[in-house]
Amino acid sequence: NVQAPIQQPVMTGPTSVCAGGGNYTFTLNLEQSGVNYNWTVPTGAVLTGSGDTVNVNFLNSVSGQVCVTPQNVCGTGTPVCKTVQVNPIPSADLSSSAEICDGESVDLHFALTGNGPFDVIWTVANQPFTLNNIANGHVETVSPTQTTTYKIINISDNSIPACALAVADSVTITVWQNFSATAA
């Protein structure tokens with residue numbers, strides 16, 4: 001029984017992933033009989049599967065290489081590697097609630113982390129709006145005429161593919177009405 005020489009596989013899979021993006025699939029273009037495929041992943045990544053197709057979860061991982069080394073009874077082939085950039089999941093926080101008098105304004109500060117610029121979906125009194133290409137520290141000046149709640153509901157970053165997170169951060173701006181006194 002003669003063992004065929006190892007054929008060098010070609011790997012397909014993403015080169016950029018989100019840390020909390022779930023499983024990403026890496027596939028070889030062939031699976032040769034009698035050959036074992038030994039996969040390695042970056043520190044913290046979780047590998048599932050075997051053979052010519054595996055899934056990798058990068059939740060607690062650093063950037064690095066996904067590699068596979070073909071091996072049979074005659075020897076070991078050359079490792080095939082793909083460098084993978086692990087992008088952090090973005091986060092968003094809206095500045096604190098405040099109290100103002102009718103006719104005044106207040107600045108809402110956006111604290112954003114991840115790979116900016118960011119697209120943020122937020123609501124003003126439950127009406128959704130999108131802020132595109134904003135940076136950490138972005139400020140929106142608001143002048144509500146009545147008590148209003150502002151909520152960030154989603155953030156996505158500038159990674160390719162974009163990493164996104166559903167957010168539930170809100171602030172309430174309480175508006176106090178102005179009173180005028182009249183002499184009796």
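What counts and what doesn't
- Residues numbered from 1 in each chain as written.
- Predicted model: local features only at pLDDT ≥ 70, side-chain atom pairs only at ≥ 80, totals over all residues.
- Heavy atoms only, no water.
- Disulfide = S-S within 2.5 Å.
- Helix = DSSP H or I, 4+ residues; strand = E, 2+ residues; numbered from the N terminus.
- Buried < 20%, exposed > 50% of the residue type's maximum accessible area, 1.4 Å probe, protein only.
- Pairing = 2+ DSSP bridges.
- Axes fitted to C-alpha atoms, helices over the stretch in contact; angles between N-to-C directions.
- Polar contact = N/O pair within 3.5 Å; in protein donor to acceptor, adjacent residues only side chain to side chain.
- Contact = heavy atoms within 4.5 Å.

(A) Broad picture of the state of the cysteines. Taken as a whole, this structure holds two disulfides when the rule is applied. In this model C18 forms its disulfide with C163; the gap between the sulfur atoms is 2.1 Å. Judged by the torsion about the S-S bond (-105°), the C18/C163 disulfide is left-handed. Of the two residues, C18 is situated in strand β2 (residues 16-18) and C163 in the loop between β16 (148-156) and β17 (164-176); the sequence distance between them amounts to 145 residues. With a relative accessible area of 7%, C18 lands in the buried category. Given the relative accessible area of 0%, C163 is considered buried. Between the sulfur of C67 and that of C81 lies a disulfide, 2.0 Å long from S to S. Judged by the sign of its S-S torsion, about 110°, the cystine formed by C67 and C81 is right-handed.

(B) Layout of the sheet that holds strand β10 (residues 91-94). Taken in spatial order, the three strands of this open sheet run β10-β12-β15, and their pairing is antiparallel. Both outer strands of the open sheet, β10 and β15 (139-142), are each paired with one neighbouring strand and no more. Adjacent strand axes in the sheet meet at a mean angle of 20° when their direction is disregarded.

(C) View of the side chain of S16. Along the chain, S16 falls in strand β2. Side chain to side chain, S16 and N87 meet in a polar contact 2.7 Å long. A polar contact is formed between the side chain of S16 and the backbone oxygen of I160, at a distance of 3.0 Å. Contact partners of S16, with chain neighbours within four places excluded, come to Q85, N87, I160 and P161.

(D) Looking closely at the sheet that holds strand β6 (residues 53-57). The strand order across the open sheet formed by four strands is β1-β3-β6-β5, and the pairing between neighbours is antiparallel. Edge positions in the sheet fall to β1 (11-12) and β5 (46-50), since each of these pairs with one other strand and no more. Pairing between strand β3 (residues 23-28) and β6: five bridges, direction antiparallel. Within β6, the residue paired with T25 across the bridge is N55.

(E) Just the pairing of strand β9 (residues 80-87), in detail. The pairing of β2 with β9 spans three bridges and is parallel. Looking at β9, one finds that C18 is bridged to N87. Where strand β7 (residues 64-72) meets β9, five bridges bridge the pair, whose relative direction is antiparallel. Paired with V68 across the two strands is V80, which belongs to β9.

(F) Expanded view of the environment of N23. Within the fold, N23 resides in strand β3. Not counting the four nearest positions on each side in its chain, N23 is found in contact with N55, V56 and N57.

(G) View of unusual backbone geometry. Residue P117 is bonded to the preceding G116 through a cis peptide linkage, with omega at 5°. Here P117 shows up in the loop between β12 (106-113) and β13 (118-124). Put simply, I160 and P161 share a cis peptide bond, and its omega is 0°. Mapped onto the elements of the fold, P161 is located in the loop between β16 and β17. Phi at A125 is positive, roughly 55°, even though this residue is not glycine. With respect to the element layout, A125 can be found in the loop between β13 and β14 (127-134). In this structure A125 comes out as exposed when scored by relative accessible area, which is 53%. A positive phi angle is found at N133, which is not glycine, with a value near 55°. Following the sequence through the fold, N133 ends up in strand β14.

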